[in-house]
Amino acid sequence: GTHHMLSTIKEVVPNCRFYFAASSEMFGKVSEVPQNENTPFHPRSSYGISKVAGFHLTRNYREAYGLHASCGILYNHESPRRGFEFVTRKISHQLARIKLGLDNQLRLGNLEAKRDWGHAADYVRAMWLMLKQEKPGDYVISTGNSHTVREFCQIAFSYVGLNYEDYVVIDERFFRPTEVEVLQGDSSKAARVLGWKYERSFQSLVHDMVGSDLKFVSNKCHCGTTHGTPHD
């Protein structure tokens, strides 16, 4: 898909500005912490591998054909719009169901996995800034801090007056066969070139997601259903 887009831009609208959504999953089995634009890639999933391919395609079209094509190597960016298949949304949504008496447990995998979680609103601002630059480039976009899944659970459950240890069940089915243990980004280039910096706290992100899902699940209950998305 990335190749088709870049090829079409080259042939039809070469002055178009192109943004590729790269990912911290490209680093995978990291060789250094934190990771920056020069850290070698070692992806540990088909998703990460596909993102590496898209990254190299984008850079190649930029270098070979002079396209204004930039890559944002974004770390985990979360919000109430996050899909249910992601662990952060799984936690906030299931916690809301537990708090409202609709369920009594949350099944998770590796609680010690660490991610650099930030709010999507700040990250979209970074994407926009990349496209506003005179010259294209590649940028790591992150908070610069990493937290475990356990920490996310602790903050989320305490927000509604519950102890996560009373509800979280470790399920081996949710362990990755090739786990990515620690992802933490260094966004100093984005700060220097784009003037971008992350402006929110980890706690405020967790509270935003939990608060949104409490309203969402409560509204669904009143409508007679308990699933869907907040923005259906």
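The text that follows walks through the structure, step by step, so that each part is easy to find.

At a minimum axis separation of 9 Å, helix H1 (residues 2-12) and helix H2 (residues 46-65) run at an interaxial angle of 15°. The angle between the axes of H1 and H2 places the two elements in the roughly parallel class. Crossing angle aside, the handedness with which H1 passes H2 is right-handed. Here Thr2, His3, Leu6, Ser7 and Lys10 of H1 lie close against H2, whose contacting residues are Gly54, Leu57, Thr58, Tyr61 and Tyr65.

Bringing the layout of surface pockets into the picture now. Of the volumes computed, that of the largest pocket is approximately 790 Å³. Residue lining of the largest pocket: 31 residues in total, with Asn76, Phe86, Val87, Arg115 and Arg176 positioned closest to the centre. Elements represented by at least two residues in the lining of the largest pocket include exactly strand E1 (17-23), H2, strand E2 (68-74), strand E3 (77-78) and helix H3 (87-99). No other element matches the four residues that E1 contributes to the lining of the largest pocket.

All right, on to the pairing of E2 then. The element E2 is largely enclosed, with a buried count of seven among its seven residues. Of the two faces of E2, the one carrying His68, Ser70, Gly72 and Leu74 and the one carrying Ala69, Cys71 and Ile73 are both buried. Pairing analysis gives seven bridges linking E1 to E2, with the strands arranged parallel. When the sheet's bridge partners are listed, Ser23 is paired in E2 with Leu74. One ladder, built from four bridges, connects E2 with strand E7 (residues 138-141); its direction is parallel. Bridge pairing in E7 places Gly72 opposite Tyr139.

Our focus in this paragraph is helix H5 (residues 149-159). Among the residues of H5, those classed as buried are Val149, Phe152, Cys153, Ile155, Ala156 and Phe157. A positive backbone phi angle near 75° is found at Gly161, which sits one or two residues after H5.

Attention shifts here to the pattern of salt bridges. With the rule as written, the count across this model stands at twelve salt bridges. Salt-bridge contacts for Asp171 lead to Arg107; the nearest nitrogen and oxygen are separated by 3.0 Å. Here Asp171, found in the loop between strand E9 (168-170) and helix H6 (188-194), pairs with Arg107, found in strand E4 (residues 106-108); they are 64 residues apart in sequence, far enough to count as distant. On the basis of relative accessible area, Asp171 is assigned to the buried category, the value being 7%. By sharing partners, the salt bridges in this structure join Asp122, Arg125, Glu199 and Arg200 into a single network.

Structurally, the position occupied by Pro14 is in the loop between H1 and E1. Along the sequence, Pro14 and Arg125 sit 111 residues apart, while their C-alpha atoms lie 24 Å from each other. Those residues in contact with Pro14, other than ones at most four positions away along the chain, are Ile9 and Leu67.

A few words on H2. The periodicity of an α-helix, 3.6 residues per turn, causes residues three or four positions apart to be oriented the same way. For H2, with 20 residues, the first-to-last C-alpha span of 28 Å sits near the 28 Å given by 1.5 Å per residue. Within H2 the residues assigned to the buried category are Gly48, Lys51, Val52, Gly54, Phe55, Thr58, Tyr61 and Arg62. Close packing links the buried residues of H2 with H1, E1, E2 and E7. Just downstream of H2 lies Gly66, where phi reads positive at about 70°.

The subject of this paragraph is the nonpolar core. Ala22, Phe55, Ile73, Tyr123, Ile141, Leu194 and Trp196 are the most contacted members of the largest nonpolar core, which totals 31 residues. Among the elements that make up this core, the one with the highest residue count is helix H4 (residues 120-132) (five residues). When sequence neighbours within four positions are dropped, the list of residues in contact with Ile141 reads Ile73, Leu74, Tyr75, Tyr123, Ala126, Met130, Ser187, Ala190 and Trp196. Of all hydrophobic cores here, the second largest spans 22 residues; its members include Ile98, Ala156, Phe157 and Tyr164.

Here we take up the side chain of Asp122. Here Asp122 shows up in helix H4. At 2.8 Å, the side chain of Asp122 forms a polar contact with the backbone nitrogen of Glu199. Leave out the neighbours within four places in its chain, and Asp122 touches Trp196, Lys197, Tyr198, Glu199 and Arg200.

The rules behind each value
Residues numbered from 1 in each chain as written. Predicted model: local features only at pLDDT ≥ 70, side-chain atom pairs only at ≥ 80, totals over all residues. Heavy atoms only, no water. Axes fitted to C-alpha atoms, helices over the stretch in contact; angles between N-to-C directions. Helix = DSSP H or I, 4+ residues; strand = E, 2+ residues; numbered from the N terminus. Parallel < 35°, antiparallel > 145°, perpendicular 65-115°, else oblique. Left-handed = near helix turned anticlockwise from the far one by under 90°. Contact = heavy atoms within 4.5 Å. 1 Å grid on protein atoms, 1.4 Å probe; cavity = no way out; pocket = protein on both sides within 12 Å on 5 of 7 lines; lining within 4 Å. Points joined across faces, edges and corners; volume = space filled by probe spheres on them. Buried < 20%, exposed > 50% of the residue type's maximum accessible area, 1.4 Å probe, protein only. Pairing = 2+ DSSP bridges. Salt bridge = Lys/Arg side-chain N within 4 Å of Asp/Glu carboxyl O. Expected span 1.5 Å × (residues − 1). Core = buried A, V, L, I, M, F, W, Y, C linked by side-chain atoms within 4.5 Å. Polar contact = N/O pair within 3.5 Å; in protein donor to acceptor, adjacent residues only side chain to side chain.

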